[in-house]
Amino acid sequence: MAHILLRHRDIPDIDKLSVYKKNGGFAAYKNAVTKMKPNEVADVVKNSGLRGRGGAGFPTGMKWSFADKNSWPHYIIANGDESEPGTFKDREIMENNPFQFLEGLATGAYATGSNTAYIYLRGEFWQVAEFLDGKIAEMEEAGYLGEKIFGTDFSLRIYTHLGAGAYICGEETALLESLEGRRGQPRVRPPFPPSEGLYGKPTIINNVETFTNVPMILANGADWYKSMGTADSAGVKIFSLSGRVRKPGNYELPFGTTFRQLIYEHGMGVQDGRPIKSIMPAGASSSVIVVDEKVLDTPLDYASVRTFGSELGSASIIVLDDTVEMNWVINKTVHFFKHESCGKCTPCREGTHWMRYLTERIELGDATSADVDLLLNVAKQMQGKCLCALGEFSTMAVVTSIERFADDFKKAVKA
Amino acid sequence: MGKKITLTVDGKQISVSAGMNVVDAAKEAGIEIPVFCHHPKMDPVGMCRMCLVEIGRPVRDRATGEFVMEDGKPKIQFMPKLETACTNKAEDGMVVVTQSPRVKDAQRGTVEFLLTSHPLDCPVCDKGGECPLQDLTMKYGPGKSRFDLSQKQHFEKALPLGELIYLDRERCIFCARCVRFQDEIAGEAVLAFDDRNRLTHIISESEPGFNSVFSGNTTDICPVGALTTTDFRFGARPWEMQAESSICMQCPVGCNITFNTRREAGSDGEIVIKRVMPRQNEEVNEIWLCDKGRFSTHHYAEGKERLTKPMLRKEDKLVRASWDNALKAAGEAFNANKKDFVVLASGRLSNEDLFNLKSLADTVGGETILYSDMGGGELTQLVGVGAGTNLSELGAGDAILVFASDLYEEAPIWHLRVKQAAERGATVIVAAGRQTKLDRFAKHVIRYAYGDELKTISDLAKGGAEIADEFAAAKNAVVFYGSDGLGVNGTSAVAAACADLLKETNHIGGPNNGLIGVWQRANDQGAFEIGFRPTEDLAKALKGKAVYIVGADPVGDDPNYAKALKGAKFVAVQELRESATTDIADVVFPAQAFVERDGSVTSGERRIQRFYATLPVKGDAKPDYAITALLAKQMGVILQSASASVVFEILAHSIEAFNELTYDSLAEVKEQWPIVGRDDMYYGGTTYANKKGMGVQLIPAAQAGGAVKIQKMRKEAALRPKADEVLAVPVNKLYDLGVTVKSAGILDERIGELKISVNSATAKKLDAEAGQIVKISFEGAQGEGVVKIDDSVAAGVALIPRSMGVAIHEPIIARAQIKTGGKAK
Amino acid sequence: MSLEQKYPEEVKKILAKYPSDFKRSAIMPLLFLAQREEGFVTKEAIKDIAQLADVTETEVVSIIGFYTLYHDKKEGKYRMQVCTDLPCALRGADQFLDKLCENLGIKVGETTEDGVVTLESVQCLASCDRAPMFQTQGPDGIKYHDYMTVDRTMELIEALKGKG
Ligand SMILES: Cc1cc2nc3c(=O)[nH]c(=O)nc-3n(C[C@H](O)[C@H](O)[C@H](O)COP(=O)(O)O)c2cc1C
Ligand code: SF4
Ligand code: FES
């Protein structure tokens with residue numbers, strides 16, 4: 001099947017404006033701006049069943065319709081922070097199929113009444129920013145951006161903004177703070193960004209992959225999109241496959257593809273042919289899944305993954321084989337979250353620090369089973385109490401690893 | 001108060017104003033929800049997670065918007081997670097549970113988390129005894145921490161953030177109250193967090209460190225001992241101290257304060273003031289204080305230079321004398337010179353003191369002079385802000401004009417409150433001859449050339465221009481006028497013009513409307529009420545007279561005054577401390593400091609407020625009003641002096657504006673919001689509750705229904721310097737060399753050296769560079785200062801701060817010369 | 001020379017990205033600009049940025065402190081930031097880093113004697129499928145180096161030393 005998002009894999013040089021245009025580029029955007037009302041565009045997206053690809057899976061068209069019409073101006077932001085360990089899909093899109101992403105963003109801007117769009121990129125994506133700046137300039141030159149686009153009253157500017165090394169800035173309100181030139185610490189919600197976001201104005205924030213779907217949906221129709229994937233998860237998704245697989249990488253597949261297909265057909269199976277012990281379907285934030293044959297035959301979609309007490313999140317599938325010890329895994333993830341905790345709220349700031357002290361103790365073989373119990377308890381004491389989801393994320397792998405792979409911890413502690 | 005809503009907290013139905021958050025709503029109903037980061041004066045941030053509760057909301061029918069009923073009661077839906085009570089607004093029908101096992105568990109968890117990075121050094125911590133973390137740990141925390149105590153983070157103890165505030169990084173619990181206070185309330189973001197995660201810590205990168213005149217407030221609202229003041233560090237334990245109410249004497253705002261005192265061995269077993277704390281008066285200072293008030297208010301009343309015995313000049317030397325002899329000498333001298341009897345007194349004195357002085361002078365046919373560079377008080381009597389004025393009520397649709405005053409330097413708490421009014425939407429107009437700190441919060445900034453003040457106001461009064469029309473159309477309007485670049489004449493003229501503007505635009509006679517003088521001393525307004533007036537040429541007024549100087553140091557302040565007094569017939573000086581003026585006196589009377597006696601003062605907003613005796617009397621000193629009565633007796637005049645309240649009673653009978661007032665009415669208190677100063681320091685901070693009086697505002701003539709006639713002032717030609725001259729202009733500086741500030745010691749660095757500001761063009765003309773020393777001279781006075789380049793100053797103008805060593809009272813043409821070779825450090 | 005005098009075009013371009021009453025948004029790009037030459041933000045630059053963005057110096061320092069890609073101290077000309085996060089670690093990143101340390105004779109966080117390379121261990125860089133990998137932060141910005149081996153890394157370091 002031809003790619004919908006990773007079209008550069010089928011069409012060489014699609015990052016050139018002429019090539020992109022020749023392959024139908026900007027037709028959907030032009031059609032939307034010249035022939036459709038903004039809410040009609042949002043409706044098509046709504047009907048397509050597209051859900052946000054940033055992790056939470058919120059229906060995109062619905063979010064667009066929330067932009068408060070009593071407060072202006074509106075802003076739209078592409079979230080290109082891509083910092084969840086195990087996620088590397090947005091980078092591939094932006095580096096290789098930039099115009100489709102930018103077209104989606106521009107269309108979103110039209111649909112939400114925004115005349116300014118920002119692309120928030122993690123600071124490490126320095127080269128991506130330079131590259132996109134060039135593409136944006138080309139679009140301006142070609143009249144896709146700027147004043148009076150296609151002779152209508154619609155005007156739009158797109159700017160890139162680089163973060164500077166902070167995972168939390170992927171969280172949308174921390175992203176807004178960062179874009180406003182502050183420390184990237186999450187805001188209290190409500191108000192939610194569609195009513196009060198950037199500079200206090202209604203703001204729509206979507207993931208890069210989310211936007212990249214939009215031109216294809218508008219070009220081919222909501223029904224076409226919905227025909228792919230499953231009932232609760234329409235369309236296609238880029239799965240970032242990493243860990244102990246032979247061929248890690250991004251795989252664009254319809255929702256409903258099974259774990260087995262992804263890992264064994266596309267990822268060519270596990271390194272050294274070892275069995276899979278566990279899968280982390282949503283990067284470091286995952287609840288770890290105990291893998292058996294049934295799991296491998298489960299379709300990858302939001303609802304099915306939930307049946308294993310986990311979440312699909314941004315679909316960063318990390319494969320762990322039977323040589324990997326879960327105490328080692330959580331020492332890594334907790335280190336990550338401790339480092340990335342913004343420090344704003346008590347349970348996350350103090351809890352991640354405390355957990356890391358304990359996971360390291362376990363890792364070094366200095367711990368007793370009481371330390372493991374305490375670790376579990378501290379993690380649970382954090383749950384449901386943090387200001388944003390980062391704190392919660394930091395506990396997922398900890399709690400599920402201890403509960404689901406108790407043997408690993410028994411082996412790791414002193415008698 | 002707006003709309004009321006009803007919710008249920010722990011089964012109790014309460015009714016609160018819409019828009020309140022759940023913590024505040026519960027507080028009003030007497031239910032405690034513990035908090036660390038939330039503070040009722042600041043926007044909630046939901047960081048500390050101490051206030052987690054269960055919140056249920058009534059389910060509404062989507063179509064009708066009505067409550068869905070279940071068993072005759074609205075159906076309540078609880079969220080799966082606990083919610084922060086500080087960030088959730090109370091809603092109609094909401095159900096809040098603050099006592100369930102889940103909530104208690106969360107509270108225990110939060111305290112335990114906080115303590116994992118806290119040193120628990122309570123025994124040596126200044127906050128111990130009034131520490132929210134300590135209190136809430138006792139009440140809500142776990143008995144024991146499961147954290148490996150050896151793993152605590154350690155940092156260098158007690159880092160000075162500046163000379164006034166110390167930071168103890170280990171104790172900080174990251175509530176950001178201090179950071180938010182500086183940013184949101186003070187408008188000076190000189191504190192911030194550095195780093196992130198558990199490495200987060202407070203920094204200040206300003207020059208000097210923690211450069212804000214509101215810095216002390218952060219130590220009141222810090223819920224732990226992370227921020228402490230230099231003057232109180234290791235000073236005393238909170239429970240050892242007594243508390244007495246007073247009024248700050250540093251400026252005309254009249255902030256309500258509490259003195260904490262202790263008898264201690266270090267002070268020879270005497271009772272001393274250990275610290276100055278804010279006392280709540282939402283109509284005056286809310287719960288804040290500026291650093292000048294906090295760190296220097298009491299020091300000048302203490303110390304070695306205090307006068308404790310009367311003195312008499314004998315053979316050219318001052319020697320100790322008995323009260324009788326001293327009084328007799330002065331009485332005789334004044335009796336012999338009744339025609340030339342002059343009383344020179346300052347607004348450092350209380351209403352009672354000034355009243356007795358005025359009564360004496362009036363009875364014997366003498367003259368009274370207010371020691372001040374600023375006039376116009378008779379106009380504030382006429383069209384001052386109406387009784388019931390509360391700057392916190394000004395907002396959208398209202399206007400505030402600040403004219404010829406840098407409120408940040410002259411009356412910091414007014415600066416803060418005007419800034420807040422601007423943030424509530426009030427149109428703030430700042431008109432001055434230079435840049436002021438308020439400019440950035442103002443909607444309009446008018447920059448006039450010094451000398452063009454009256455023209456500027458008349459342009460405002462004319463209308464037609466945007467600013468003028470906006471002012472005229474304002475629902476309420478207040479004008480602050482001050483003495484920036486103006487002397488007695490200039491300020492009087494400006495006051496008249498401002499009064500006229502207010503009258504013409506119909507902004508007199510009601511609360512939140514009218515004129516406020518930004519006086520140089522705390523009770524200048526009171527002095528005006530009682531009949532004191534400043535004079536244009538004080539040297540002339542003193543020359544050859546028999547002068548009774550009370551609460552002023554003219555000799556120290558100005559060589560011209562010194563010269564004039566040398567030619568005086570007789571000089572009696574009534575003072576707290578030795579000064580250049582007591583040095584030349586024929587008789588010296590030792591006066592009690594305001595901290596040793598009762599009295600009342602009148603603020604710039606014409607609020608009469610009482611202060612109370614806090615410390616035992618030093619030596620043989622007496623209250624000023626009593627000394628005056630004793631002297632009067634020598635001169636054959638009977639004045640009351642049994643107590644301050646008795647004097648006040650007579651004052652109230654004699655002066656119409658005061659007619660209804662008694663000491664009791666001044667001591668009345670109202671219920672105030674937010675509720676502070678109970679056993680709940682975790683909520684509002686260590687600010688004291690007001691138990692001794694919020695004062696009473698006088699009714700201006702315009703409000704009382706009297707005719708308002710404002711005399712037109714004659715306009716004087718503006719001074720224009722010649723090529724080799726500058727226009728020297730006096731401006732006011734918060735931390736100056738005045739005895740009330742200087743004696744504090746810890747403010748020395750903030751006082752600094754005399755800086756003379758000129759713009760680059762003027763500097764070039766003078767061949768001066770920043771940092772060089774410039775000599776300024778004009779009629780009879782001169783001084784040296786360091787050149788500061790400030791391009792907001794007009795060409796040809798040199799700004800000279802008052803009370804910094806150069807005796808400047810009004811704009812004057814001066815010569816400026818760079819001292820060659822003299823480059824400051 | 002102030003930042004604005006040194007890079008008038010860049011500063012103008014950065015400020016133009018944001019509404020004129022929210023200059024503060026320009027702080028982050030200005031910090032990257034200021035860091036370009038020395039590899040860290042100097043005290044003077046902090047002053048300049050505070051002025052340009054209409055904030056206090058304290059606020060600027062506070063932002064430098066929050067984000068890991070800003071630095072307030074001079075280190076090696078190039079910061080070699082090896083990802084050792086979970087996905088990379090599952091593909092040998094820790095061993096890769098150990099080997100680099102050994103070859104360079106420095107520990108993580110240290111700088112080579114000639115001041116060219118500082119070796120750091122960082123969190124996920126969104127290149128998990130191309131481990132071992134690292135990025136270099138240097139005068140020419142940030143560059144990714146994917147699918148690395150120790151040998152190829154040593155070659156790169158030699159090349160960087162040649163440039164320095
Ligand atoms: C700690 C944290 C990190 C996040 N990181 C990212 C990210 O890197 N990229 C992203 O698109 N969304 C991220 N999100 C989700 C965003 O908050 C937001 O939901 C998303 O950008 C919305 O876009 P979508 O509706 O298209 O998914 C993160 C959320 C949290 C709580
Ligand atoms: S959970 Fe709290 S400390 Fe952690 S990132 Fe979110 S707000 Fe910051
Ligand atoms: S989170 Fe509500 S008081 Fe701190």
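Rules of the game
Residues numbered from 1 in each chain as written. Chains lettered and ligands numbered in written order. Predicted model: local features only at pLDDT ≥ 70, side-chain atom pairs only at ≥ 80, totals over all residues. Heavy atoms only, no water. Helix = DSSP H or I, 4+ residues; strand = E, 2+ residues; numbered from the N terminus. Buried < 20%, exposed > 50% of the residue type's maximum accessible area, 1.4 Å probe, protein only. Contact = heavy atoms within 4.5 Å. Areas by Shrake-Rupley, 256 points an atom, 1.4 Å probe, with all protein chains shown as cover. Lys, Arg positive; Asp, Glu negative; His and termini not counted. Charge placed at Lys NZ, Arg CZ, Asp CG, Glu CD. Near = heavy atom within 4 Å. Nonpolar A, V, L, I, M, F, W, Y, C, P; charged D, E, K, R; others polar. Axes fitted to C-alpha atoms, helices over the stretch in contact; angles between N-to-C directions. Parallel < 35°, antiparallel > 145°, perpendicular 65-115°, else oblique. Left-handed = near helix turned anticlockwise from the far one by under 90°. Patch = residues over 30% accessible without salt bridge, like charges linked within 9 Å, V, L, I, M, F, W, Y side chains within 5 Å. Salt bridge = Lys/Arg side-chain N within 4 Å of Asp/Glu carboxyl O. Polar contact = N/O pair within 3.5 Å; in protein donor to acceptor, adjacent residues only side chain to side chain. Domains from an automatic or database assignment. Core = buried A, V, L, I, M, F, W, Y, C linked by side-chain atoms within 4.5 Å.

Chemist: Before we move on, can you summarise the overall build of chain C with the specific residues and values?
Modeler: When helices and strands are counted, chain C shows eight helices and four strands. What you see in chain C, going N to C, is helices and strands ordered as α-α-α-α-α-β-α-α-β-β-β-α. Overall, chain C is about 50 × 30 × 25 Å in size when its C-alpha atoms are taken along their principal axes. Within chain C, buried positions represent 59% of all 164 residues. Sequence separation of 24 or more characterises 57% of the internal contacts of chain C that already satisfy a separation of 6 or more. Looking at chain C as shown, the accessible area adds up to about 7,100 Å², and 48% of this sits on carbon and sulfur atoms. A distance of 3 Å separates the average location of the 21 positive side-chain charges in chain C from that of its 27 negative side-chain charges.

Chemist: Tell me what's going on with the environment of Asp406 of chain B, and back it up with residues and numbers.
Modeler: Residues and elements named next belong to chain B. Secondary-structure assignment places Asp406 in the loop between strand E21 (399-403) and helix H10 (407-410). Given the relative accessible area of 5%, Asp406 is considered buried. The sequence separation of Asp406 and Arg434 amounts to 28 residues, and the corresponding C-alpha distance is 9.2 Å. Those residues in contact with Asp406 that lie beyond four places of it in its chain are Arg434, Thr436 and Lys437.

Chemist: So what's going on with the site of ligand 2? Residues and values would help.
Modeler: Close to ligand 2 lie 13 residues; Cys342, Cys345, Cys348, Cys388 and Gly391 of chain A are nearest. Of the residues in the shell around ligand 2, the class split is nine nonpolar, three polar and one charged.

Chemist: Could you give an account of the packing of helix H8 (residues 351-364) of chain B against helix H20 (residues 624-634) of chain B, naming the residues involved and the relevant values?
Modeler: Helix-helix packing: each pair is described by the crossing angle between the helix axes and the interaxial distance. Residues and elements named next belong to chain B. At their nearest, the axes of H8 and H20 sit 8 Å apart, and the two run at 15° to each other. Classified by the interaxial angle, the pair formed by H8 and H20 is roughly parallel. As for how H8 packs across H20, the hand of that crossing is left-handed. Residues Glu352, Asp353, Asn356, Leu357 and Leu360 of H8 lie in contact with H20, whose contacting residues are Asp624, Tyr625, Thr628, Ala629, Leu631 and Ala632. Of the residues belonging to the contact of H8 with H20, the class tally is six nonpolar, two polar and three charged.

Chemist: Help me get a handle on unusual backbone geometry, residues and values and all.
Modeler: In the segment running from Pro190 of chain A into Pro191 of chain A, the intervening peptide bond is cis, with an omega of 5°. Topologically, Pro191 of chain A is positioned in the loop between helix H8 (172-179) and strand E4 (203-207). Here the residue pair Ala131 of chain C and Pro132 of chain C is connected by a cis peptide bond, since its omega of -10° sits within 30 degrees of zero. Tracing the backbone shows Pro132 of chain C in the loop between strand E2 (117-122) and strand E3 (134-138). Phi at Glu315 of chain B is positive, roughly 50°, even though this residue is not glycine. Tracing the backbone shows Glu315 of chain B in the loop between strand E17 (311-314) and strand E18 (317-320). Judged by relative accessible area, Glu315 of chain B falls into the exposed class, the value being 79%.

Chemist: How would you summarise a negative patch on the surface if you had to cite specific residues and measurements?
Modeler: A contiguous patch of negative charge, built from Glu536, Asp537, Glu716, Glu779 and Glu810 of chain B, is present on the exposed surface. Relative to the helices and strands, Asp537 of chain B resides in the loop between helix H15 (524-530) and helix H16 (538-542).

Chemist: Go over the site of ligand 1, please, and point to the residues and values.
Modeler: Residue and element names in this part refer to chain A. Neighbouring ligand 1 are 19 residues; Gly54, Asn79, Asn206, Asn207 and Thr210 lie closest to it. Within the contact set of ligand 1, an oxygen atom lies 3.0 Å away from a backbone nitrogen or oxygen of Glu172. Isolated, ligand 1 exposes 600 Å² of accessible area, and the fraction of that covered by the protein chains is 91%. Taken together, the elements giving at least two residues each to the shell around ligand 1 come down to E4 and helix H17 (389-404). Across the shell around ligand 1, the residue classes break down as five nonpolar, eight polar and six charged. Counting residues domain by domain, the shell around ligand 1 receives three or more from each of domain 1 (7-222) and domain 3 (326-412).

Chemist: Before we move on, can you summarise the domain arrangement of chain C with the specific residues and values?
Modeler: Domains assigned within chain C are domain 1 (3-66) and domain 2 (78-163). In this structure, domain 1 of chain C and domain 2 of chain C have C-alpha centres spaced 28 Å apart.

Chemist: Just give me the short version of the nonpolar core, but keep the residues and values in it.
Modeler: One finds Phe334, Leu360, Phe480, Tyr548 and Phe589 of chain B to be the most contacted residues of the largest nonpolar core, which totals 231 residues. For this core, the leading source of residues is helix H14 (residues 488-504) of chain B, giving eight residues. Setting aside chain neighbours within four positions, we find Phe480 of chain B in contact with Leu391, Ile400, Leu401, Val402, Phe403, Leu407, Trp414, Val418, Ile516 and Val518 of chain B. Listed in part, the 132 residues of the second largest apolar core include Tyr75, Ala78, Tyr144 and Cys345 of chain A.

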